[in-house]
Amino acid sequence: MNCIYIDPPYNTGNDIDKKTSWKYNDSVNDPKIRAWLGKTVGKEDLTKHDKWLCMMYPRLKLLHRLLKRDGVIFVSIDDNEMHNLRQIMDEIFGEQNFIAQLIWDKTRKNDAKLFSAGHEYILAYAKSFSLLRELKTVWREEKPGAKEIIQEWRRFAKIHGESYQEIEFELGKWYRELPKNHPAKKLSRYKHVDKYGPWRDRDISWPGGGGPRYDVLHDKTGAPCAVPERGWIYATLEQMQKQIDLGLVEFRKDHTEPPIRKAHLLPVPEELDEMSDDVEDDEDAEQDEENVGLQVMPTYIYKQAQSSVKLLRQIFDGKKVFANPKDHEVLSRLIRYVAPRDALILDSFGGSGSTAHAVLEANQLDNGTRRFILIEMMDYAETITAERVRRVISGYGKGDKAVAGLGGSFYYYTVGEQLLHDDGMLNPAAGLSAIRDYVAWTEGIPIGQCAPIVPAVTEGNASSTYWLGEANNLGLFFVWNDAHATTLDLALLNQLVKQPGRYLIYADQCALGEDFMRRHGIVYKKIPRDITRL
């Protein structure tokens, strides 16, 4: 997974009669923990933190395994379990892989006696922070209005080609004609244009003074340019020359003035590296925050919770179907910020389906091809979680309140009987077809391509009802009967194999010698011992 987002139970103990309440329902053998099963965790429960940690720990361990090495996980939580969550995240993901603790201000509680605690948190951890550094990962999001400017620049570039002065003239005219409240108006300092797009001038001197002083030769006069009073921002002449060669430094008419450092609306990677390392004084930093086209996301997010509640009611024809749904716009912003456009996103606490909604919206915004996997074990998985995704994809509402669908598709699956009992034996209740499909898949046959139990054509190996198919240059047989044990002997071998070849045969036991099987290209696997367990 490129990105994982989960919204686990907050363990407040206040939701005992609501859909947001939770029960410890994991399959466990420990007598003490089994006593917790099926009982709602209330506020007065003295073991509620123990139960929450026992529920979360194995899930986080599994999610850690599922995350790609350059992946990121987000976990929503509030004050009730923040301290515990931080500790187990540090233990499982590693304290060194902590990225940030985001604060999500959702509401103000005017009836609070002391302080209004209307915020939640989102913990962000990397699978490998060192790998992100090694890959020189830089996260940025668009400043409001930047997208429109880029669209206009590209439109003018198609008309005028590399005539940058003509493009600058057209772009300046477009800026002037914008309404005063248009978000792109704040970015009108990006009035210059080069091959990288719109850019504005930026200070080329060392922050605070005392910077290095060396000769930078003017590109036309050949004479050393005037050195800024505070010294050059680049520590060495080699660094400065690299920026000049990249076209990120603009010389003045002659050498009597220092050159200009460019800041692009769509920075090139080298420019992003420089921007991330710059330390500007307070005045410059405030000015840059106001005018930069790509920005770093802050750790503080403000979005009222009521908007997501109203939206979910709108999707479900005015009905209140779920308490405290997460805001899909905030999640979409996070996903677009950290995950590539072809990312696979996992949410193992699917809830109301906000994460799926977020992925679909992200794809529409930037033409991405992100995919999602949602997991939900509560009884509303079909009627709320999956139904929301269906309506978001196809559209919802009527008349002037109709909302167009975001497009896309998804599959809905339910988990069947477990294939193996706790003692390792096969579970007949799972059904022979499911068991065969699983065994075939573990041996390399794609899902859905296992041979049917009763072959449509009885030719060669397919004449046996035990035939699974071929994988890795082996013919596969699964000889199992829930009524009695099966034995691989000469009689069974003659029944199975109708033509020469190499075969892998599953059975309960084997009566053939190792030399015989080696000479005849037979591999034996014992049921259930040798069935791969995931």
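Below is a summary of the structure that appears in this document. Quick caveat, the model's predicted, so the values are computed rather than measured.

1. Focus on the side chain of Glu81
Inference 1: Position of Glu81 among the secondary structure elements: in the loop between β2 (72-77) and α3 (82-94).
Inference 2: Buried charged residue Glu81 carries no salt bridge. Nearest counter-charge: Lys48, at 6.2 Å.
Inference 3: In this view, Glu81 contacts Tyr10, Asn11, His49 and Trp52; residues no more than four positions away in its chain are not counted.

2. Topic: the pairing of strand β16 (residues 467-471)
Inference 1: Of all the five residues making up β16, four are buried; the element is thus mostly covered by neighbouring parts of the structure.
Inference 2: A loop of two residues connects β16 with strand β17 (residues 474-478), the two strands running antiparallel in sequence, and Asn472 in this loop sits at a positive phi of about 55°.

3. Observations concerning the environment of Gly405
Inference 1: Checked against the element boundaries, Gly405 lands in the loop between β15 (403-404) and α14 (432-442).
Inference 2: We classify Gly405 as partly exposed; its relative accessible area is 26%.
Inference 3: Placed 277 residues apart in sequence, Gly405 and Ser128 show a C-alpha to C-alpha distance of 37 Å.
Inference 4: Among residues more than four places away in sequence, those in contact with Gly405 are Gln364, Val392, Ile393, Ser394 and Gly395.

4. Considerations on the pattern of salt bridges
Inference 1: In this structure the tally under the stated criterion is 23 salt bridges.
Inference 2: One salt bridge connects Lys303 with Asp327, and the closest N-O pair in it is separated by 3.0 Å. On the criterion of sequence distance, the pair formed by Lys303 in the loop between β11 (300-302) and α10 (305-315) and Asp327 in the loop between α10 and α11 (328-338) is long-range, its members being 24 residues apart.
Inference 3: Overall, the relative accessible area of 4% leaves Asp327 in the buried class.

5. Section: the sheet that holds strand β12 (residues 344-347)
Inference 1: Strands sit in the order β11-β3-β4-β2-β1-β12-β13 across an open sheet of seven strands; the sheet is mixed. Pairing within the sheet leaves two strands with one partner each, and these edge strands are β11 and β13 (371-374). For this sheet the average axis-to-axis angle between neighbouring strands, irrespective of direction, equals 20°.
Inference 2: Alignment of strand β3 (residues 98-105) against strand β4 (residues 119-126), held across seven bridges, turns out to be antiparallel. Counted as the bridge partner of Asp105 is His119 from β4.
Inference 3: α3 contacts β2, β3 and β4 of the sheet and is inclined by roughly 5° relative to β4.

6. Brief notes about the environment of Lys106
Inference 1: Summarising the element assignment, Lys106 is placed in the loop between β3 and β4.
Inference 2: Taking the relative accessible area as the measure of exposure, Lys106 reaches 8% and is therefore buried.
Inference 3: Separated by 363 residues in the primary sequence, Lys106 and Gly469 have C-alpha atoms spaced 55 Å apart.
Inference 4: Apart from the residues within four sequence positions on either side, Lys106 is in contact with Gly118, His119, Glu120, Lys303, Gln304, Ala305 and Lys326.

7. Let's talk about the sheet that holds strand β8 (residues 249-250)
Inference 1: The four strands lie next to each other as β6-β7-β9-β8, forming an open sheet whose pairing is antiparallel. The open sheet has two free edges, formed respectively by β6 (192-194) and β8, since each of these has just one partner strand.
Inference 2: Bridging between strand β7 (residues 197-202) and strand β9 (residues 260-264) involves four bridges; their strand directions are antiparallel. If you follow Arg202 over to β9, its bridge partner there is Arg261.
Inference 3: Contacting β6 and β7, helix α5 (residues 146-160) runs over the sheet at an angle of about 120° to β7.

8. Topic: the pairing of β12
Inference 1: Side chains of β12 alternate between two faces, with Leu344 and Leu346 and Ile345 and Asp347 buried alike.
Inference 2: Note that strand β1 (residues 3-6) and β12 share two bridges and pair parallel. Following the sheet pairing, Cys3 is matched in β12 by Ile345.
Inference 3: Here β12 pairs with β13 via four bridges, running parallel. Opposite Leu344, over in β13, you have Arg371 as the bridge partner.
Inference 4: Considered for its hand, the β-α-β crossover made up of β12, helix α12 (residues 354-366) and β13 is right-handed.

Calculation rules
Residues numbered from 1 in each chain as written. Predicted model: local features only at pLDDT ≥ 70, side-chain atom pairs only at ≥ 80, totals over all residues. Heavy atoms only, no water. Helix = DSSP H or I, 4+ residues; strand = E, 2+ residues; numbered from the N terminus. Buried < 20%, exposed > 50% of the residue type's maximum accessible area, 1.4 Å probe, protein only. Lys, Arg positive; Asp, Glu negative; His and termini not counted. Salt bridge = Lys/Arg side-chain N within 4 Å of Asp/Glu carboxyl O. Contact = heavy atoms within 4.5 Å. Pairing = 2+ DSSP bridges. Axes fitted to C-alpha atoms, helices over the stretch in contact; angles between N-to-C directions. Right-handed = clockwise from strand over helix to strand, strands pointing away.

Remember, this is a structural readout, not a statement about activity or role.
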